[in-house]
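Descriptive structure summary
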Amino acid sequence: MSRAPSPALVSRVRGEAEAFFRSARGSHDWDHTERVLTLCLRIGRKEKADPGVLTLAALLHDIGREEEDRSRGRICHARSGAALAKRILERNGCDAAAVAAVIACIRTHRFRRGGAPRTLEARILFDADKLDSIGAVGVGRAFQFAGEIGARLHDKRIDVRKTKPYTREDTAYREYLVKLGRVRDRMTTREGKRIAAERHRFMADFFDRLNKETDGVL
Ligand SMILES: [Fe+2]
Ligand SMILES: [Fe+2]
């Protein structure tokens, strides 16, 4: 980034970004963005990335989520969020190089449809966002989401191939088996890998214990 964003710019962007989360559910709310920002800056210090780009990218990375929810998943929030972010940053006088760097991060933070994250800052945002879905926070969010959609607390014998998302069988444990258990293998930075390995151990121990407790062994 040619010059660091001013505190005034960061504060205006933060205010505009937070407004997108007024009706967000607890599992995907503004607190997630704040945690991702903290992680981005932590990883960014280790990886010697641009803190200005990381700050703006983290604050804006999920502003398209409301649109994705309203379209029932047809619109990709990484793509729509990048377009929304571009307008916000330009309106607030952010320089062109910074706008381009930030929207590249947002567009690829999901990987699935946006393409692979390429720049260092894009890889850090990707890692930070996924790290917030594992460890103790990840376990908490998984149960909160399951509660939001009315899923069961736990079913150790679940067959993930025969169950569907957004049903009573879409438990936190199903999310762990399908997605969360694989996050550590998807990290793209060295520091991301290190944090993911540690968080993964805690999460695996938690579900192992949950299985034992529901069996009455512990
Ligand atoms: Fe996202
Ligand atoms: Fe996110």
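Residues numbered from 1 in each chain as written. Chains lettered and ligands numbered in written order. Predicted model: local features only at pLDDT ≥ 70, side-chain atom pairs only at ≥ 80, totals over all residues. Heavy atoms only, no water.

Here we take up the coordination of the iron ion (ligand 2). The coordination sphere of the iron ion (ligand 2), as far as protein atoms go, consists of His-32 (NE2), His-61 (NE2), Asp-62 (OD) and Asp-129 (OD), spread over 2.1 to 2.3 Å. Geometry at the iron ion (ligand 2) is irregular, judged from its 4 donor atoms and the angles of 84 to 176° they form at the metal. The motif formed by the donor residues of the iron ion (ligand 2), counted along the single chain, is H-x28-H-D-x66-D. Separating the iron ion (ligand 2) from the iron ion (ligand 1) is a gap of 3.4 Å, bridged by Asp-62, which donates to each. Comparing His-61 with Asp-62, the two get one shared label, buried. (Donors = N, O, S within 2.8 Å, 3.2 Å for Na, K, Ca; no water. Tetrahedral: all angles 85-135°; square planar, octahedral: opposite > 155°, others 65-115°. Buried < 20%, exposed > 50% of the residue type's maximum accessible area, 1.4 Å probe, protein only.)

In this structure the tally under the stated criterion is 18 salt bridges. For Arg-152, the salt bridge is made with Glu-169, and the minimal N-O distance between the two is 3.2 Å. With Arg-152 in the loop between helix H8 (135-148) and helix H9 (172-178) and Glu-169 in the loop between H8 and H9, this pair connects stretches of sequence that are 17 residues apart. Residue class for Glu-169 comes out partly exposed when judged on its relative accessible area of 24%. Within the structure, one salt-bridge network assembled from shared partners comprises Arg-35, Asp-132 and Arg-141. (Salt bridge = Lys/Arg side-chain N within 4 Å of Asp/Glu carboxyl O. Helix = DSSP H or I, 4+ residues; strand = E, 2+ residues; numbered from the N terminus.)

Time to look at the coordination of the iron ion (ligand 1). Taken together, Asp-62 (OD), His-77 (NE2) and His-109 (NE2) make up the protein donors of the iron ion (ligand 1), found 2.1 to 2.2 Å from the metal. Mapped onto the sequence, the donors of the iron ion (ligand 1) take the spacing D-x14-H-x31-H.

Right, let's talk about the side chain of Ser-80 for a bit. The topology assignment puts Ser-80 in helix H5 (residues 77-91). Every residue in contact with Ser-80, bar those within four places of it in the chain, is listed here: Gly-64, Glu-67 and Ile-75. (Contact = heavy atoms within 4.5 Å.)

Okay, the packing of helix H3 (residues 51-60) against helix H6 (residues 96-107) next. Orientation of H3 relative to H6, taken along the N-to-C sense of each, is 45°, at an axis distance of 9 Å. Overall, the two elements H3 and H6 adopt an arrangement that is oblique. The element H3 and its partner H6 pack so that their crossing is right-handed. On the side of H3, the interface is formed by Val-53, Leu-56, Ala-57 and Leu-60, while H6 contributes Ala-101, Val-102, Cys-105 and Ile-106. Of the residues contributing to the contact of H3 with H6, the split by class is 8 nonpolar, no polar and no charged. (Axes fitted to C-alpha atoms, helices over the stretch in contact; angles between N-to-C directions. Parallel < 35°, antiparallel > 145°, perpendicular 65-115°, else oblique. Left-handed = near helix turned anticlockwise from the far one by under 90°. Nonpolar A, V, L, I, M, F, W, Y, C, P; charged D, E, K, R; others polar.)

Purely spatial values, then, with no claim about function.
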